[in-house]
2 protein chains.
Amino acid sequence: MGGMKTVDFFFDFISPYGWLAARQLESFPPGLATIRYRPVLLAGLLHAHENKGPAEIPAKRVYTFTDVARWAHHLGLPYEGPPAHPFNPLLALRTCYAVKEDEARARFAKRLLIAVWEEGKDVTSPSTIETLATECKFDAKALLTAAGSPEVKEGLKLQTQEAIRKGVFGVPSFCVDDEFFWGSDRLPFLKAYLSGDLSIDKNALEKRLARPRAADRRI
Amino acid sequence: MGGMKTVDFFFDFISPYGWLAARQLESFPPGLATIRYRPVLLAGLLHAHENKGPAEIPAKRVYTFTDVARWAHHLGLPYEGPPAHPFNPLLALRTCYAVKEDEARARFAKRLLIAVWEEGKDVTSPSTIETLATECKFDAKALLTAAGSPEVKEGLKLQTQEAIRKGVFGVPSFCVDDEFFWGSDRLPFLKAYLSGDLSIDKNALEKRLARPRAADRRI
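The following paragraphs examine the structure supplied in this document.

Digging into the relation of the copies chain A and chain B
- Of the two same-sequence chains, chain A is brought onto chain B (RMSD 0.0 Å, axial shift 0.0 Å) by a rotation of 180 degrees. Taken together, the rotation and translation relating the two chain copies correspond to the operation of a two-fold axis.
- Here 100% of the contact residues of chain A are again contact residues in chain B; the copies associate through an equivalent surface.

As C-alpha coordinates, then:
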(Lines give C-alpha, C1' and ligand atoms only; values in the text may rest on other atoms or scores of the structure.)
Protein backbone atom coordinates (compact mmCIF):
# COMPACT_ATOMS: atom_id res chain seq x y z
CA MET A 1 0.00 0.00 0.00
CA GLY A 2 1.35 3.38 -0.98
CA GLY A 3 4.92 2.17 -1.26
CA MET A 4 4.65 0.41 -4.59
CA LYS A 5 7.10 1.75 -7.13
CA THR A 6 6.32 2.65 -10.71
CA VAL A 7 8.56 1.29 -13.43
CA ASP A 8 8.59 3.11 -16.77
CA PHE A 9 8.71 0.47 -19.49
CA PHE A 10 10.01 2.28 -22.59
CA PHE A 11 9.36 0.22 -25.71
CA ASP A 12 8.94 0.39 -29.46
CA PHE A 13 6.92 -2.18 -31.40
CA ILE A 14 9.86 -2.59 -33.72
CA SER A 15 11.85 -4.48 -31.08
CA PRO A 16 10.85 -8.09 -30.42
CA TYR A 17 12.44 -7.80 -27.00
CA GLY A 18 9.58 -5.51 -25.97
CA TRP A 19 7.22 -8.36 -26.79
CA LEU A 20 9.38 -10.85 -24.88
CA ALA A 21 9.46 -8.44 -21.93
CA ALA A 22 5.67 -8.04 -21.94
CA ARG A 23 5.32 -11.82 -21.87
CA GLN A 24 7.93 -12.26 -19.15
CA LEU A 25 6.29 -9.56 -17.04
CA GLU A 26 3.25 -11.86 -16.79
CA SER A 27 5.14 -13.90 -14.23
CA PHE A 28 6.41 -10.92 -12.23
CA PRO A 29 5.23 -11.15 -8.64
CA PRO A 30 2.02 -9.10 -8.41
CA GLY A 31 2.44 -6.13 -6.11
CA LEU A 32 6.17 -5.76 -6.79
CA ALA A 33 5.72 -2.66 -8.95
CA THR A 34 3.37 -0.88 -11.29
CA ILE A 35 4.59 -1.21 -14.85
CA ARG A 36 3.81 1.85 -16.95
CA TYR A 37 3.99 1.14 -20.70
CA ARG A 38 5.53 4.15 -22.40
CA PRO A 39 6.02 4.07 -26.19
CA VAL A 40 9.13 5.74 -27.62
CA LEU A 41 10.65 5.87 -31.09
CA LEU A 42 13.75 3.66 -31.16
CA ALA A 43 15.00 5.53 -34.24
CA GLY A 44 14.97 8.70 -32.12
CA LEU A 45 17.07 7.07 -29.40
CA LEU A 46 19.54 5.71 -31.95
CA HIS A 47 19.83 9.07 -33.66
CA ALA A 48 20.42 10.93 -30.39
CA HIS A 49 23.15 8.53 -29.28
CA GLU A 50 24.65 8.08 -32.77
CA ASN A 51 24.04 4.38 -32.38
CA LYS A 52 22.80 1.71 -34.78
CA GLY A 53 19.98 -0.74 -34.18
CA PRO A 54 20.49 -4.50 -34.62
CA ALA A 55 18.57 -4.39 -37.92
CA GLU A 56 21.10 -1.87 -39.26
CA ILE A 57 24.08 -4.22 -39.00
CA PRO A 58 23.62 -7.24 -41.29
CA ALA A 59 25.37 -9.84 -39.13
CA LYS A 60 23.65 -8.53 -36.00
CA ARG A 61 20.29 -8.71 -37.73
CA VAL A 62 20.76 -12.42 -38.46
CA TYR A 63 21.94 -13.01 -34.90
CA THR A 64 19.04 -11.09 -33.40
CA PHE A 65 16.43 -13.04 -35.37
CA THR A 66 18.16 -16.22 -34.16
CA ASP A 67 18.30 -15.03 -30.57
CA VAL A 68 14.61 -14.15 -30.57
CA ALA A 69 13.77 -17.61 -31.93
CA ARG A 70 15.77 -19.11 -29.06
CA TRP A 71 13.93 -16.96 -26.53
CA ALA A 72 10.57 -17.90 -28.04
CA HIS A 73 11.55 -21.57 -27.80
CA HIS A 74 12.77 -21.09 -24.23
CA LEU A 75 9.60 -19.28 -23.14
CA GLY A 76 7.26 -21.53 -25.13
CA LEU A 77 5.89 -18.66 -27.22
CA PRO A 78 4.72 -18.73 -30.83
CA TYR A 79 7.00 -16.51 -32.94
CA GLU A 80 5.79 -15.36 -36.32
CA GLY A 81 7.19 -11.84 -36.68
CA PRO A 82 5.91 -9.01 -38.87
CA PRO A 83 5.52 -9.19 -42.67
CA ALA A 84 8.32 -6.64 -43.11
CA HIS A 85 11.09 -5.47 -40.78
CA PRO A 86 12.19 -2.89 -39.97
CA PHE A 87 8.82 -1.18 -40.39
CA ASN A 88 7.61 2.31 -39.58
CA PRO A 89 6.20 2.05 -36.05
CA LEU A 90 4.89 5.62 -35.78
CA LEU A 91 1.20 4.89 -36.31
CA ALA A 92 1.24 2.11 -33.70
CA LEU A 93 3.30 4.19 -31.26
CA ARG A 94 1.08 7.24 -31.62
CA THR A 95 -2.14 5.25 -31.27
CA CYS A 96 -0.71 3.66 -28.17
CA TYR A 97 0.44 7.02 -26.80
CA ALA A 98 -3.08 8.38 -27.41
CA VAL A 99 -4.47 5.97 -24.79
CA LYS A 100 -4.14 8.19 -21.75
CA GLU A 101 -5.02 5.79 -18.97
CA ASP A 102 -2.07 3.67 -17.82
CA GLU A 103 -3.85 0.36 -17.39
CA ALA A 104 -5.72 0.64 -20.68
CA ARG A 105 -2.52 1.64 -22.50
CA ALA A 106 -0.66 -1.33 -21.02
CA ARG A 107 -3.40 -3.66 -22.24
CA PHE A 108 -3.40 -2.12 -25.73
CA ALA A 109 0.39 -2.02 -26.02
CA LYS A 110 0.65 -5.66 -25.05
CA ARG A 111 -2.07 -6.59 -27.52
CA LEU A 112 -0.15 -4.83 -30.29
CA LEU A 113 3.17 -6.43 -29.32
CA ILE A 114 1.54 -9.85 -29.49
CA ALA A 115 -0.16 -8.98 -32.79
CA VAL A 116 3.18 -8.04 -34.38
CA TRP A 117 5.42 -10.76 -33.00
CA GLU A 118 3.17 -13.75 -32.38
CA GLU A 119 0.52 -13.23 -35.05
CA GLY A 120 2.50 -11.55 -37.82
CA LYS A 121 0.17 -8.57 -38.06
CA ASP A 122 1.13 -5.44 -39.97
CA VAL A 123 0.66 -2.58 -37.51
CA THR A 124 1.60 0.01 -40.09
CA SER A 125 -1.92 -0.55 -41.44
CA PRO A 126 -4.66 1.69 -39.97
CA SER A 127 -7.25 -1.04 -40.47
CA THR A 128 -5.19 -3.50 -38.40
CA ILE A 129 -4.83 -0.90 -35.65
CA GLU A 130 -8.56 -0.24 -35.83
CA THR A 131 -9.40 -3.93 -35.47
CA LEU A 132 -7.07 -4.34 -32.49
CA ALA A 133 -8.35 -1.17 -30.80
CA THR A 134 -11.93 -2.35 -31.24
CA GLU A 135 -10.96 -5.73 -29.78
CA CYS A 136 -9.61 -3.84 -26.74
CA LYS A 137 -13.02 -2.08 -26.41
CA PHE A 138 -11.72 1.35 -27.40
CA ASP A 139 -13.47 3.79 -29.69
CA ALA A 140 -11.13 2.90 -32.53
CA LYS A 141 -12.05 5.74 -34.89
CA ALA A 142 -11.58 8.34 -32.15
CA LEU A 143 -8.25 6.81 -31.17
CA LEU A 144 -6.93 6.86 -34.74
CA THR A 145 -8.00 10.48 -35.07
CA ALA A 146 -6.22 11.31 -31.81
CA ALA A 147 -3.12 9.47 -33.07
CA GLY A 148 -2.93 11.93 -35.95
CA SER A 149 -3.23 15.03 -33.76
CA PRO A 150 -0.33 17.43 -33.22
CA GLU A 151 -0.62 16.89 -29.43
CA VAL A 152 0.00 13.17 -29.72
CA LYS A 153 2.77 13.53 -32.29
CA GLU A 154 4.52 16.06 -30.07
CA GLY A 155 3.83 14.03 -26.94
CA LEU A 156 5.54 10.96 -28.37
CA LYS A 157 8.54 13.07 -29.32
CA LEU A 158 8.77 14.55 -25.83
CA GLN A 159 8.46 11.11 -24.27
CA THR A 160 11.31 9.89 -26.47
CA GLN A 161 13.37 12.90 -25.40
CA GLU A 162 12.61 12.16 -21.76
CA ALA A 163 13.96 8.64 -22.22
CA ILE A 164 17.08 10.02 -23.92
CA ARG A 165 17.63 12.39 -20.97
CA LYS A 166 17.54 9.40 -18.63
CA GLY A 167 20.34 7.84 -20.66
CA VAL A 168 18.13 5.34 -22.46
CA PHE A 169 19.76 4.30 -25.74
CA GLY A 170 17.77 1.19 -26.60
CA VAL A 171 14.51 -0.63 -26.05
CA PRO A 172 13.03 -2.10 -24.06
CA SER A 173 14.35 -0.17 -21.08
CA PHE A 174 12.94 -0.15 -17.57
CA CYS A 175 13.42 2.98 -15.48
CA VAL A 176 12.77 3.15 -11.76
CA ASP A 177 14.19 5.62 -9.22
CA ASP A 178 17.49 6.69 -10.76
CA GLU A 179 18.18 3.27 -12.20
CA PHE A 180 17.50 1.74 -15.53
CA PHE A 181 17.66 -1.73 -16.96
CA TRP A 182 18.07 -2.37 -20.67
CA GLY A 183 16.68 -5.43 -22.40
CA SER A 184 14.15 -8.12 -21.62
CA ASP A 185 17.08 -10.22 -20.46
CA ARG A 186 17.66 -7.82 -17.56
CA LEU A 187 14.19 -8.31 -16.05
CA PRO A 188 15.68 -10.60 -13.38
CA PHE A 189 17.89 -7.67 -12.31
CA LEU A 190 14.88 -5.34 -12.27
CA LYS A 191 13.02 -7.84 -10.12
CA ALA A 192 16.00 -8.20 -7.77
CA TYR A 193 16.30 -4.42 -7.53
CA LEU A 194 12.62 -4.00 -6.70
CA SER A 195 12.97 -6.73 -4.08
CA GLY A 196 15.95 -4.99 -2.49
CA ASP A 197 18.36 -7.73 -3.57
CA LEU A 198 20.49 -5.73 -5.97
CA SER A 199 22.63 -2.96 -4.65
CA ILE A 200 25.84 -1.72 -6.17
CA ASP A 201 28.49 0.62 -4.84
CA LYS A 202 27.73 3.93 -6.58
CA ASN A 203 30.92 5.52 -5.28
CA ALA A 204 33.05 2.80 -6.79
CA LEU A 205 31.06 3.07 -10.02
CA GLU A 206 31.68 6.82 -10.25
CA LYS A 207 35.38 6.28 -9.67
CA ARG A 208 35.59 3.69 -12.43
CA LEU A 209 33.70 5.97 -14.80
CA ALA A 210 36.08 8.84 -14.01
CA ARG A 211 39.21 6.90 -14.95
CA PRO A 212 40.96 7.91 -18.16
CA ARG A 213 40.55 6.45 -21.62
CA ALA A 214 43.83 5.03 -22.90
CA ALA A 215 42.90 4.03 -26.44
CA ASP A 216 40.25 5.11 -28.90
CA ARG A 217 39.50 4.04 -32.43
CA ARG A 218 39.10 6.63 -35.12
CA ILE A 219 35.42 6.34 -36.08
CA MET B 1 34.61 -40.12 -25.47
CA GLY B 2 34.98 -38.63 -28.93
CA GLY B 3 31.56 -37.01 -28.93
CA MET B 4 32.38 -33.98 -26.81
CA LYS B 5 31.95 -30.77 -28.76
CA THR B 6 34.41 -27.92 -28.87
CA VAL B 7 33.14 -24.41 -28.27
CA ASP B 8 35.21 -21.52 -29.58
CA PHE B 9 35.15 -18.79 -26.95
CA PHE B 10 36.10 -15.60 -28.80
CA PHE B 11 37.04 -12.86 -26.36
CA ASP B 12 38.98 -9.64 -25.95
CA PHE B 13 40.36 -8.50 -22.61
CA ILE B 14 38.72 -5.13 -23.18
CA SER B 15 35.26 -6.57 -22.55
CA PRO B 16 34.32 -7.30 -18.93
CA TYR B 17 31.73 -9.77 -20.20
CA GLY B 18 34.60 -12.05 -21.23
CA TRP B 19 35.68 -12.06 -17.59
CA LEU B 20 32.11 -12.70 -16.40
CA ALA B 21 31.85 -15.53 -18.93
CA ALA B 22 35.10 -17.13 -17.75
CA ARG B 23 33.80 -17.03 -14.18
CA GLN B 24 30.38 -18.39 -15.13
CA LEU B 25 31.98 -21.20 -17.12
CA GLU B 26 33.42 -22.48 -13.82
CA SER B 27 29.98 -23.86 -13.01
CA PHE B 28 29.37 -25.38 -16.44
CA PRO B 29 28.76 -29.11 -16.13
CA PRO B 30 32.13 -30.82 -16.72
CA GLY B 31 32.08 -32.97 -19.81
CA LEU B 32 29.47 -30.85 -21.59
CA ALA B 33 32.00 -29.33 -23.99
CA THR B 34 35.62 -28.33 -24.41
CA ILE B 35 35.92 -24.56 -24.23
CA ARG B 36 38.67 -23.23 -26.47
CA TYR B 37 39.77 -19.70 -25.51
CA ARG B 38 40.45 -17.76 -28.70
CA PRO B 39 41.55 -14.12 -28.43
CA VAL B 40 40.30 -11.68 -31.08
CA LEU B 41 40.53 -7.91 -31.45
CA LEU B 42 37.12 -6.39 -30.70
CA ALA B 43 38.11 -3.23 -32.59
CA GLY B 44 38.58 -5.42 -35.67
CA LEU B 45 35.10 -6.89 -35.33
CA LEU B 46 33.56 -3.45 -34.85
CA HIS B 47 35.40 -2.05 -37.84
CA ALA B 48 34.36 -4.93 -40.11
CA HIS B 49 30.70 -4.61 -39.16
CA GLU B 50 30.70 -0.79 -39.00
CA ASN B 51 29.51 -1.10 -35.43
CA LYS B 52 30.41 0.78 -32.26
CA GLY B 53 31.45 -0.71 -28.95
CA PRO B 54 29.68 0.20 -25.69
CA ALA B 55 32.62 2.40 -24.68
CA GLU B 56 32.15 4.45 -27.86
CA ILE B 57 28.65 5.65 -26.98
CA PRO B 58 28.72 7.77 -23.80
CA ALA B 59 25.33 6.74 -22.38
CA LYS B 60 25.98 3.10 -23.19
CA ARG B 61 29.36 3.29 -21.48
CA VAL B 62 27.75 4.44 -18.23
CA TYR B 63 25.09 1.77 -18.53
CA THR B 64 27.64 -0.96 -19.25
CA PHE B 65 29.75 -0.08 -16.22
CA THR B 66 26.54 -0.22 -14.15
CA ASP B 67 25.45 -3.51 -15.66
CA VAL B 68 28.83 -5.10 -14.96
CA ALA B 69 28.63 -3.93 -11.33
CA ARG B 70 25.20 -5.59 -11.09
CA TRP B 71 26.57 -8.82 -12.55
CA ALA B 72 29.54 -8.77 -10.17
CA HIS B 73 27.13 -8.28 -7.26
CA HIS B 74 24.87 -11.04 -8.57
CA LEU B 75 27.75 -13.49 -9.04
CA GLY B 76 29.54 -12.46 -5.84
CA LEU B 77 32.70 -11.37 -7.65
CA PRO B 78 35.08 -8.56 -6.74
CA TYR B 79 35.01 -5.89 -9.47
CA GLU B 80 37.85 -3.44 -9.68
CA GLY B 81 38.30 -2.81 -13.40
CA PRO B 82 41.40 -1.58 -15.22
CA PRO B 83 43.19 1.73 -14.51
CA ALA B 84 42.14 3.07 -17.93
CA HIS B 85 39.43 1.99 -20.34
CA PRO B 86 39.27 1.50 -23.23
CA PHE B 87 42.88 0.35 -23.36
CA ASN B 88 44.98 -1.17 -26.12
CA PRO B 89 44.60 -4.93 -25.65
CA LEU B 90 47.01 -6.02 -28.39
CA LEU B 91 49.93 -6.99 -26.16
CA ALA B 92 47.69 -9.11 -23.94
CA LEU B 93 45.87 -10.64 -26.92
CA ARG B 94 49.09 -11.48 -28.72
CA THR B 95 50.76 -12.96 -25.65
CA CYS B 96 47.67 -15.06 -25.13
CA TYR B 97 47.58 -16.10 -28.77
CA ALA B 98 51.24 -17.09 -28.51
CA VAL B 99 50.33 -19.84 -26.04
CA LYS B 100 49.72 -22.64 -28.50
CA GLU B 101 48.34 -25.36 -26.24
CA ASP B 102 44.57 -24.99 -25.65
CA GLU B 103 44.49 -25.86 -21.97
CA ALA B 104 47.46 -23.66 -21.10
CA ARG B 105 46.02 -20.79 -23.13
CA ALA B 106 42.68 -21.11 -21.35
CA ARG B 107 44.44 -20.95 -17.99
CA PHE B 108 46.50 -17.90 -19.02
CA ALA B 109 43.55 -16.09 -20.64
CA LYS B 110 41.44 -16.56 -17.53
CA ARG B 111 44.30 -15.37 -15.32
CA LEU B 112 44.58 -12.20 -17.41
CA LEU B 113 40.82 -11.58 -17.43
CA ILE B 114 40.80 -11.82 -13.64
CA ALA B 115 43.87 -9.60 -13.39
CA VAL B 116 42.20 -6.86 -15.45
CA TRP B 117 38.70 -6.96 -14.05
CA GLU B 118 39.04 -8.22 -10.47
CA GLU B 119 42.48 -6.92 -9.59
CA GLY B 120 42.70 -3.72 -11.62
CA LYS B 121 45.93 -4.72 -13.37
CA ASP B 122 47.22 -2.85 -16.39
CA VAL B 123 47.77 -5.50 -19.05
CA THR B 124 49.13 -2.98 -21.53
CA SER B 125 52.31 -3.17 -19.44
CA PRO B 126 54.87 -5.82 -20.50
CA SER B 127 56.06 -6.20 -16.90
CA THR B 128 52.53 -7.03 -15.73
CA ILE B 129 52.20 -9.59 -18.52
CA GLU B 130 55.58 -11.01 -17.58
CA THR B 131 54.59 -11.39 -13.93
CA LEU B 132 51.31 -13.10 -14.81
CA ALA B 133 52.98 -15.40 -17.34
CA THR B 134 55.58 -16.39 -14.76
CA GLU B 135 52.82 -17.04 -12.25
CA CYS B 136 51.26 -19.40 -14.82
CA LYS B 137 54.63 -21.23 -15.07
CA PHE B 138 55.39 -20.08 -18.60
CA ASP B 139 58.75 -18.92 -19.86
CA ALA B 140 57.62 -15.31 -19.72
CA LYS B 141 60.49 -13.78 -21.66
CA ALA B 142 60.09 -16.27 -24.50
CA LEU B 143 56.34 -15.68 -24.57
CA LEU B 144 56.75 -11.91 -24.79
CA THR B 145 59.24 -12.34 -27.61
CA ALA B 146 56.81 -14.63 -29.43
CA ALA B 147 54.04 -12.07 -28.90
CA GLY B 148 56.07 -9.57 -30.90
CA SER B 149 56.70 -11.94 -33.81
CA PRO B 150 55.11 -11.43 -37.23
CA GLU B 151 53.58 -14.93 -37.04
CA VAL B 152 51.65 -14.14 -33.86
CA LYS B 153 50.58 -10.69 -35.04
CA GLU B 154 49.32 -12.19 -38.29
CA GLY B 155 47.75 -15.16 -36.49
CA LEU B 156 45.68 -12.90 -34.25
CA LYS B 157 44.49 -10.98 -37.31
CA LEU B 158 43.51 -14.18 -39.09
CA GLN B 159 41.71 -15.44 -36.00
CA THR B 160 39.77 -12.17 -35.84
CA GLN B 161 38.90 -12.53 -39.52
CA GLU B 162 37.74 -16.09 -38.92
CA ALA B 163 35.36 -14.82 -36.23
CA ILE B 164 34.08 -12.12 -38.59
CA ARG B 165 33.42 -14.73 -41.27
CA LYS B 166 31.30 -16.67 -38.74
CA GLY B 167 29.20 -13.53 -38.28
CA VAL B 168 30.70 -12.62 -34.91
CA PHE B 169 30.27 -8.89 -34.28
CA GLY B 170 30.94 -8.66 -30.55
CA VAL B 171 32.64 -10.36 -27.63
CA PRO B 172 32.42 -12.67 -25.89
CA SER B 173 30.93 -14.98 -28.51
CA PHE B 174 30.67 -18.74 -28.31
CA CYS B 175 30.72 -20.69 -31.57
CA VAL B 176 29.80 -24.34 -31.84
CA ASP B 177 28.65 -26.27 -34.92
CA ASP B 178 27.01 -23.60 -37.09
CA GLU B 179 25.62 -21.74 -34.10
CA PHE B 180 26.90 -18.87 -32.09
CA PHE B 181 25.92 -17.20 -28.87
CA TRP B 182 26.84 -13.63 -28.07
CA GLY B 183 27.39 -12.38 -24.54
CA SER B 184 28.03 -13.92 -21.15
CA ASP B 185 24.28 -13.59 -20.57
CA ARG B 186 23.65 -16.18 -23.28
CA LEU B 187 25.67 -18.94 -21.58
CA PRO B 188 22.41 -20.55 -20.39
CA PHE B 189 21.37 -20.86 -24.06
CA LEU B 190 24.77 -22.32 -24.96
CA LYS B 191 24.37 -24.83 -22.15
CA ALA B 192 20.85 -25.71 -23.29
CA TYR B 193 22.08 -26.11 -26.87
CA LEU B 194 24.91 -28.42 -25.82
CA SER B 195 22.43 -30.43 -23.75
CA GLY B 196 20.07 -30.78 -26.72
CA ASP B 197 17.42 -28.59 -25.10
CA LEU B 198 17.50 -25.69 -27.54
CA SER B 199 16.34 -26.26 -31.07
CA ILE B 200 14.86 -23.63 -33.34
CA ASP B 201 13.11 -23.96 -36.69
CA LYS B 202 15.80 -22.94 -39.19
CA ASN B 203 13.34 -22.93 -42.07
CA ALA B 204 11.10 -20.47 -40.32
CA LEU B 205 14.15 -18.38 -39.42
CA GLU B 206 15.28 -18.23 -43.05
CA LYS B 207 11.81 -17.19 -44.13
CA ARG B 208 11.68 -14.37 -41.59
CA LEU B 209 15.14 -13.19 -42.63
CA ALA B 210 14.06 -13.17 -46.29
CA ARG B 211 11.09 -10.87 -45.72
CA PRO B 212 11.38 -7.31 -47.01
CA ARG B 213 12.53 -4.21 -45.16
CA ALA B 214 9.79 -1.59 -45.06
CA ALA B 215 11.57 1.31 -43.41
CA ASP B 216 15.18 2.37 -43.07
CA ARG B 217 16.79 5.36 -41.42
CA ARG B 218 19.28 7.40 -43.36
CA ILE B 219 22.54 6.76 -41.50
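Re the pairing of strand β3 (residues 173-176) of chain B
Residue and element names in this part refer to chain B.
- Here β3 shows a buried face lined by S173 and C175 and a second buried face lined by F174 and V176.
- As judged from the 3 bridges shared by strand β1 (residues 5-11) and β3, these two strands associate in the antiparallel manner. Its bridge partner being in β3, F10 is matched across the sheet by S173.
- Here β3 runs beside strand β4 (residues 179-182); their pairing, made up of 4 bridges, is antiparallel. Looking across to β4, one finds that C175 is bridged to F180.
- The hairpin turn running from β3 into β4, its antiparallel successor, is 2 residues long, and D177 in that turn takes a positive phi close to 55 degrees.

Focus on the environment of E103 of chain B
Residues and elements named next belong to chain B.
- Of note, E103 is situated in helix α5 (residues 102-117).
- For E103, a relative accessible area of 47% corresponds to the partly exposed category.
- In the structure, E103 is positioned 68 residues away from I35 in sequence and 9.0 Å away in space, judged by C-alpha atoms.

A short note on the interface of chain A and chain B
- Counting residues at the interface gives 58 residues for chain A, matched by 58 residues for chain B.
- Around 5600 Å² of area is buried between chain A and chain B when both sides are counted, 55% of it from carbon and sulfur atoms.
- One salt bridge in this structure joins E80 of chain B and R211 of chain A, with 2.6 Å as the shortest N-O distance.
- Counting every contact that joins chain A to chain B gives 38 residue pairs in polar contact (both at pLDDT 80 or more).
- Looking at the side of chain A that touches chain B element by element, the count peaks at 13 residues for helix α3 (residues 58-75) of chain A.
- Of the residues that constitute the side of chain A that touches chain B, the class distribution is 30 nonpolar, 11 polar and 17 charged.

Some words on the sheet that holds β4 of chain B
All names here are of chain B.
- Strand order in the open sheet made by the 4 strands is β2-β1-β3-β4, with mixed pairing throughout. Of all strands in the sheet, those bounded by a partner on one side alone are β2 (33-39) and β4. This sheet shows a mean twist of 20 degrees between the axes of neighbouring strands, independent of strand direction.

Overview of the packing of helix α4 (residues 90-97) of chain A against helix α7 (residues 140-147) of chain A
Residue and element names in this part refer to chain A.
- It is at 8 Å that the axes of α4 and α7 come closest, and there the two elements cross at 110 degrees. Classified by the interaxial angle, the pair formed by α4 and α7 is roughly perpendicular. The interaxial crossing formed by α4 with α7 has right-handed handedness. Between α4, through L91, R94 and T95, and α7, the contact on the second element is made entirely by L143, L144 and A147.
- Of the residues assigned to the contact of α4 with α7, the class counts are 4 nonpolar, 1 polar and 1 charged.

Re the pattern of salt bridges
Residue and element names in this part refer to chain A.
- A full pass over the atoms with the stated rule returns 44 salt bridges over all chains.
- Here K110 and E26 are joined by a salt bridge, their closest N and O atoms 2.5 Å apart. With K110 in helix α5 (residues 102-117) and E26 in the loop between α1 (16-24) and β2 (33-39), this residue pair connects regions lying 84 residues apart in the sequence.
- In this structure, E162 and K166 form a salt bridge, with 3.9 Å as the shortest nitrogen-oxygen distance.
- When its relative accessible area of 39% is taken as the criterion, K166 is described as partly exposed.

How each quantity is defined
Residues numbered from 1 in each chain as written. Chains lettered and ligands numbered in written order. Predicted model: local features only at pLDDT ≥ 70, side-chain atom pairs only at ≥ 80, totals over all residues. Heavy atoms only, no water. Least-squares fit on C-alpha atoms with pLDDT ≥ 70 in both. Contact = heavy atoms within 4.5 Å. Buried < 20%, exposed > 50% of the residue type's maximum accessible area, 1.4 Å probe, protein only. Helix = DSSP H or I, 4+ residues; strand = E, 2+ residues; numbered from the N terminus. Pairing = 2+ DSSP bridges. Buried area = accessible area lost by both parts, 1.4 Å probe. Salt bridge = Lys/Arg side-chain N within 4 Å of Asp/Glu carboxyl O. Polar contact = N/O pair within 3.5 Å; in protein donor to acceptor, adjacent residues only side chain to side chain. Nonpolar A, V, L, I, M, F, W, Y, C, P; charged D, E, K, R; others polar. Axes fitted to C-alpha atoms, helices over the stretch in contact; angles between N-to-C directions. Parallel < 35°, antiparallel > 145°, perpendicular 65-115°, else oblique. Left-handed = near helix turned anticlockwise from the far one by under 90°.

Taken by themselves, the reported measurements are silent on function.
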